[in-house]
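For reference, the chains in residue letters:
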Protein chains: 2
Amino acid sequence: MTIKDVAEYSGVSISTISRVLNNHPDVREEVRAKVLKAIQELHYVPNSSARDLVKTQSDAIGVVVRGVENPFLTSVMRSIEEAIRGAGYTMVIHQIGTEEDEVAEGAGLVRSKRLCGLILLGGRFDYTPEQTATIEVPFVCCTYTNSFGSLDKNAYSSVFIDDYAEAYKAVNLLIEKGHKKIAVLLGATDDRSISELRYKGYCDALRDAGIQPDQSLVEQTGGYSMKNAYNATERLLARRNDFTALFTVSDSMGIAAIKALHNSGISVPRDCSVIAIDGIEVSKYTIPALTTLIQPRKPMGYEAVRILVDVIKGKKNCQLRLETELREGETVAPPKK
Amino acid sequence: MTIKDVAEYSGVSISTISRVLNNHPDVREEVRAKVLKAIQELHYVPNSSARDLVKTQSDAIGVVVRGVENPFLTSVMRSIEEAIRGAGYTMVIHQIGTEEDEVAEGAGLVRSKRLCGLILLGGRFDYTPEQTATIEVPFVCCTYTNSFGSLDKNAYSSVFIDDYAEAYKAVNLLIEKGHKKIAVLLGATDDRSISELRYKGYCDALRDAGIQPDQSLVEQTGGYSMKNAYNATERLLARRNDFTALFTVSDSMGIAAIKALHNSGISVPRDCSVIAIDGIEVSKYTIPALTTLIQPRKPMGYEAVRILVDVIKGKKNCQLRLETELREGETVAPPKK
DNA sequence: CCAAAAACTGAAAACGTTTTCAGTTCCTCT
DNA sequence: AGAGGAACTGAAAACGTTTTCAGTTTTTGG
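Residues numbered from 1 in each chain as written. Chains lettered and ligands numbered in written order. Predicted model: local features only at pLDDT ≥ 70, side-chain atom pairs only at ≥ 80, totals over all residues. Heavy atoms only, no water.

A closer look at the overall build of chain A
A tally of regular secondary structure across chain A gives 12 helices and 12 strands. Expressed as a percentage of its 337 residues, the buried residues of chain A come to 56%. The contacts of chain A with a sequence gap of at least 6 include a subset with a gap of at least 24, amounting to 69%. Each charge sign in chain A was given a centre, from 41 positive and 43 negative side chains, and these centres are 2 Å apart. (Helix = DSSP H or I, 4+ residues; strand = E, 2+ residues; numbered from the N terminus. Buried < 20%, exposed > 50% of the residue type's maximum accessible area, 1.4 Å probe, protein only. Contact = heavy atoms within 4.5 Å. Lys, Arg positive; Asp, Glu negative; His and termini not counted. Charge placed at Lys NZ, Arg CZ, Asp CG, Glu CD.)

Okay, here's the thing in structure tokens:
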């Protein structure tokens with residue numbers, strides 16, 4: 001069942017069928033109707049391989065995602081899929097492990113699958129111009145800080161939150177409640193810029209409040225899994241048990257930390273407040289419900305795709321910063337005195 | 001950069017390059033080495049559109065997933081992606097809404113993207129022979145009961161758990177602890193077979209213990225979201241508040257139900273025990289940790305892909321039943337007095 | 001009513017592979 | 001040394017589209 005069959009069936013040439021399929025204006029309304037009817041009746045479906053071949057590009061958008069163990073990213077992925085499908089494209093997905101591969105794998109995908117665009121989801125983003133040049137199609141970096149450092153703004157697009165400012169906001173909220181000994185759970189050591197920036201936000205919030213940051217209140221989880229966060233909290237507790245509040249860089253980490261605190265007989269928020277960043281669904285239903293800065297997951301995905309499609313269609317690259325919104329849960333309270 | 005360039009560069013014909021690329025035996029070792037070197041040096045990447053066109057099939061496996069709001073499915077999806085990538089295929093993903101579309105959308109995908117196989121993830125599975133015939137490639141149904149009813153066993157493959165037996169197991173566990181008034185939270189009304197079968201398992205477990213099932217202890221959530229489950233629990237509580245245990249058909253629902261119970265002043269497990277089916281990561285870290293029957297998520301995804309690839313390569317269809325494993329959490333206790 | 005423009009249509013080339021078929025070269029065995 | 005076969009290679013067709021270019025029909029304006 002090819003375009004040729006449709007042509008014969010409806011008594012016009014192959015070219016006309018193709019024109020109808022691609023909404024070219026040069027087709028008489030009458031002919032168009034006839035062709036559409038034929039397509040219907042024959043249950044014809046165009047062969048996208050053939051189309052891609054001549055167009056030298058497919059309608060597939062690649063999504064390279066790093067750190068799928070974080071449910072927050074899964075959630076963004078879902079909205080990306082919706083948006084991609086809504087825009088008439090196809091989504092090809094690719095999870096990756098270590099960060100270094102990210103660009104390289106993405107570039108490989110683009111070349112072999114003739115992708116028309118790429119979304120890099122979940123990693124840091126401070127690639128070199130050489131690295132980004134290997135990606136030959138428009139791409140959007142989604143979630144997490146955009147480090148504008150080495151790259152020409154017009155070379156890429158991104159949708160992101162300001163990790164520094166959001167961390168500052170979260171920690172400041174704890175300070176406003178009266179907390180002074182505030183611990184922090186940072187992510188993997190390999191996602192430099194995110195942890196670095198959020199750590200910087202944490203430190204600056206403390207300093208601006210006249211509190212000297214204390215290294216022994218800082219713990220690296222070494223990965224975004226809940227298990228890692230649980231263990232990190234135990235390490236932290238083994239070292240210090242006098243902090244009255246804890247800031248974690250993801251909701252998952254926050255939930256695991258609360259469990260670890262609980263298992264050590266520390267009640268949240270009575271003995272220790274907890275605040276996180278992400279705003280995943282489940283953290284509304286934990287006991288106590290997590291207080292967190294909600295990242296706009298849906299908009300993040302939608303905007304990433306919208307921007308990508310725009311750039312594919314010829315518009316300029318663009319960088320979009322989104323803001324979090326506080327969701328007051330039940331894990332933040334003033335410190336006991 | 002095409003195969004032609006590689007041919008010229010290495011001084012052999014196009015056909016030979018193709019043979020090297022496809023590991024045909026008829027190439028002298030010396031020539032093969034020369035060609036591979038050329039490919040390396042030119043950074044040649046084959047154009048899969050062209051390849052797919054002549055092969056009349058791509059290397060893409062479609063995954064049609066229904067009910068992504070359930071984190072359990074997301075988790076299976078991840079293992080599917082890993083397996084697909086590991087087997088050298090590409091994953092094309094497609095979320096769908098209502099069940100009726102499932103087969104139709106899948107079939108459409110197959111035809112237009114020339115998929116070489118399909119995985120139907122998360123829905124019930126009692127399609128008619130006519131429906132399945134529209135899918136022209138091998139496919140595997142993954143997760144949830146296989147209703148062998150109308151279909152020839154050789155027409156499809158599946159990886160599933162026995163919803164009836166697992167529900168029976170869960171409820172029986174509560175009965176063994178001494179519970180008699182056991183409520184149940186069922187899923188959406190439109191996923192007939194799953195809810196039906198799990199409901200049947202629930203009823204039979206009760207009857208076998210000499211307890212008459214009671215309609216007023218049964219509540220439909222009308223969807224797998226946590227919000228739905230929370231609301232359903234409130235409806236249930238408005239009607240009855242004398243049940244001592246609750247069985248929910250997913251972990252997410254269990255977590256939301258516990259929150260609803262908690263907010264009504266009912267403590268789990270002191271006043272009410274809860275057991276669920278799924279075994280997602282986060283339910284280990286809730287307070288209290290959820291007692292649940294773990295579905296083997298990783299094996300489920302891996303096996304689905306393994307079977308699919310086998311069938312693509314010519315093996316017979318196969319139906320694989322997996323078993324759950326109990327994870328003792330902190331939400332099940334004997335009833336008060 | 002004619003010329004020119006506009007609207008529409010078809011033939012054929014092109015996209016980059018795989019694969020068949022027909023060689024050609026190189027062994028191996030008598 | 002020559003025949004027969006094995007091993008290897010290349011030319012060309014085919015896959016199903018899109019698109020260019022040229023041709024035909026229809027419409028418009030004078």
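From this point, the discussion proceeds with the structure in view.
Structural notes on the sheet that holds strand β2 (residues 90-96) of chain B
The strand order across the open sheet formed by 12 strands is β11(A)-β5(A)-β4(A)-β3(A)-β1(A)-β2(A)-β2(B)-β1(B)-β3(B)-β4(B)-β5(B)-β11(B), and the pairing between neighbours is mixed. The two strands at the open ends of the sheet, each matched to only one other strand, are β11 (319-322) of chain A together with β11 (319-322) of chain B. Strand-to-strand twist of the sheet, defined as the mean angle between neighbouring strand axes without regard to direction, takes the value 20 degrees. Of the pairings in the sheet, the one linking strand β4 (residues 139-142) of chain A to strand β5 (residues 157-161) of chain A comprises three bridges and is parallel in character. The partner of C142(A) across the bridge, within β5(A), is V159(A). Strand contacts of helix α5 (residues 71-86) of chain B: β2 (90-96) of chain A together with β1 (60-66), β2, β3 (117-121) and β4 (139-142) of chain B, with the helix running at about 85 degrees to β2(A), the strand carrying the most contacts. (Pairing = 2+ DSSP bridges. Axes fitted to C-alpha atoms, helices over the stretch in contact; angles between N-to-C directions.)

Concerning the side chain of S49(A)
Of note, S49(A) is situated in helix α4 (residues 48-55). Each residue touching S49(A), except ones within four places of it in the same chain, is listed here: S49(B), D52(B), L53(B) and R114(B).

What to know about the nonpolar core
Among the nonpolar cores identified, the biggest contains 162 residues, and Y202(A), F247(A), Y202(B) and F247(B) are the most heavily contacted of them. Every residue in contact with Y202(B), bar those within four places of it in the chain, is listed here: A167(B), V171(B), I182(B), A183(B), V184(B), L217(B), V218(B) and F247(B). Residues L109(A), L120(A), F139(A) and C141(A) belong to the second largest nonpolar core, which totals 32 residues. (Core = buried A, V, L, I, M, F, W, Y, C linked by side-chain atoms within 4.5 Å.)

Some thoughts on the protein's contact with DNA strand D
Residues in close proximity to DNA strand D total 27 residues, the closest being S18(A), Y44(A), S13(B), R19(B) and V31(B). Within 4 Å of the protein, the contacting atoms of DNA strand D are 64% sugar and phosphate, with bases supplying the remainder. Within the side chain of R19(B), one N or O atom sits 2.7 Å away from a base nitrogen of DNA strand D. Broken down by secondary-structure element, the contributors of at least two residues to the surface near DNA strand D are α2 (14-21) and α4 of chain A together with α2 (14-21) and α4 (48-55) of chain B. Here the element with the most residues in the surface near DNA strand D is α4(A); it accounts for five residues. (Near = heavy atom within 4 Å. Polar contact = N/O pair within 3.5 Å; in protein donor to acceptor, adjacent residues only side chain to side chain.)

Some thoughts on the relation of the copies chain B and chain A
Rotating chain B by 180 degrees and translating it 0.1 Å along the rotation axis places it on chain A, where the RMSD comes to 0.2 Å. Those values place the two copies in the arrangement expected of a two-fold rotation axis. Most of the interface of chain B is mirrored in chain A: 100% of its interface residues are interface residues there too. (Least-squares fit on C-alpha atoms with pLDDT ≥ 70 in both.)

Observations concerning the protein's contact with DNA strand C
Lining the immediate surroundings of DNA strand C are 27 residues, of which R19(A), V31(A), I3(B), S18(B) and Y44(B) lie closest. For DNA strand C, the backbone portion of the atoms within 4 Å of the protein, that is sugar and phosphate, comes to 64%. S15(A) is positioned with one of its side-chain polar atoms (N or O) 3.0 Å from a base nitrogen of DNA strand C. A distance of 2.9 Å separates a phosphate oxygen of DNA strand C from a polar side-chain atom of R51(B). Only α2 and α4 of chain A together with α2 and α4 of chain B provide two or more residues apiece to the surface near DNA strand C. Of the residues contributing to the surface near DNA strand C, the split by class is 13 nonpolar, nine polar and five charged. (Nonpolar A, V, L, I, M, F, W, Y, C, P; charged D, E, K, R; others polar.)

Some points on helix α10 (residues 226-239) of chain A
Structurally, the α-helix is built with 3.6 residues per turn, so residues lying three or four positions apart point the same way. All names here are of chain A. Compared with an ideal rise of 1.5 Å per residue, which puts 14 residues at 20 Å, α10 spans 20 Å between its outermost C-alpha atoms and is within 8% of the ideal. Those residues of α10 that sit buried are M226, A229, Y230, A232, T233, L236 and L237. Mapping the buried residues of α10 onto a view down its axis gives an arc of 165 degrees, with all of them on the same face. Looking at α10, the residues exposed on the side facing more than 90 degrees away from the buried face are K227 and A238. Where the residues of α10 are buried, they touch β6 (182-186), β7 (218-220), β8 (245-248) and α11 (251-263). (Expected span 1.5 Å × (residues − 1). Arc of directions from axis to C-beta.)

Things to note about the packing of helix α1 (residues 3-10) of chain A against helix α3 (residues 29-42) of chain A
Any two packed helices are characterised by the angle at which their axes cross and by the distance between the axes. Residue and element names in this part refer to chain A. In contact at an axis separation of 9 Å, α1 and α3 are set at 120 degrees when each is read in the N-to-C sense. Relative to α3, α1 is oriented oblique. Remark: the crossing between α1 and α3 carries right-handed chirality. On α3, the residues touching D5, V6, Y9 and S10 of α1 are K34, V35, A38, I39, E41 and L42. Among the residues forming the contact of α1 with α3, the class breakdown is six nonpolar, one polar and three charged. (Parallel < 35°, antiparallel > 145°, perpendicular 65-115°, else oblique. Left-handed = near helix turned anticlockwise from the far one by under 90°.)

Things to note about the sheet that holds strand β7 (residues 218-220) of chain B
Residues and elements named next belong to chain B. Taken in spatial order, the six strands line up as β7-β6-β8-β9-β10-β12 in an open sheet, and their pairing is mixed. Each end of this open sheet is capped by a strand with a single partner; those strands are β7 and β12 (325-327). Recorded for the sheet is a direction-independent mean angle of 20 degrees between the axes of neighbouring strands. The pairing of strand β6 (residues 182-186) with β7 spans three bridges and is parallel. The residue of β7 that forms the bridge with L185 is E219.

Some points on the interface of chain B and chain A
With 46 residues of chain B in contact, the opposing surface of chain A contributes 46 residues. Summed over both partners, the interface of chain B with chain A comes to about 4100 Å²; 58% of that surface belongs to carbon and sulfur atoms. Interface area lost by chain B to chain A is led by Q95(B), Y285(B) and I287(B), which between them contribute 18%. For the interface between chain B and chain A, the tally reads four salt bridges. A salt bridge links K113(A) to D59(B); the nearest nitrogen and oxygen atoms lie 2.6 Å apart. For the pair chain B and chain A, the number of links is 20 residue pairs in polar contact (both at pLDDT 80 or more). Those elements that provide at least two residues to the side of chain B that touches chain A are α4, α5, β2, α6 (101-113), α10 (226-239) and α11 (251-263) of chain B. A breakdown of the residues in the side of chain B that touches chain A according to their chemical character gives 20 nonpolar, 11 polar and 15 charged. For β2(A) and β2(B), the ladder comprises three bridges, and the chain directions are antiparallel. Its bridge partner being in β2(B), I93(A) is matched across the sheet by M91(B). (Buried area = accessible area lost by both parts, 1.4 Å probe. Salt bridge = Lys/Arg side-chain N within 4 Å of Asp/Glu carboxyl O.)

Observations concerning the confidence of the model for chain A
Per-residue confidence for chain A averages 89 on the pLDDT scale, and 92% of its residues sit at or above 70. Per-element confidence in chain A is highest for strand β10 (residues 291-294) of chain A, whose mean pLDDT is 98, and lowest for helix α6 (residues 101-113) of chain A, whose mean pLDDT is 75. (pLDDT = per-residue confidence, 0-100.)

Some words on the environment of E176(A)
Mapped onto the secondary structure, E176(A) falls in helix α8 (residues 163-176). C-alpha separation for the pair E176(A) and P334(A), spaced 158 residues apart in sequence, amounts to 8.8 Å.

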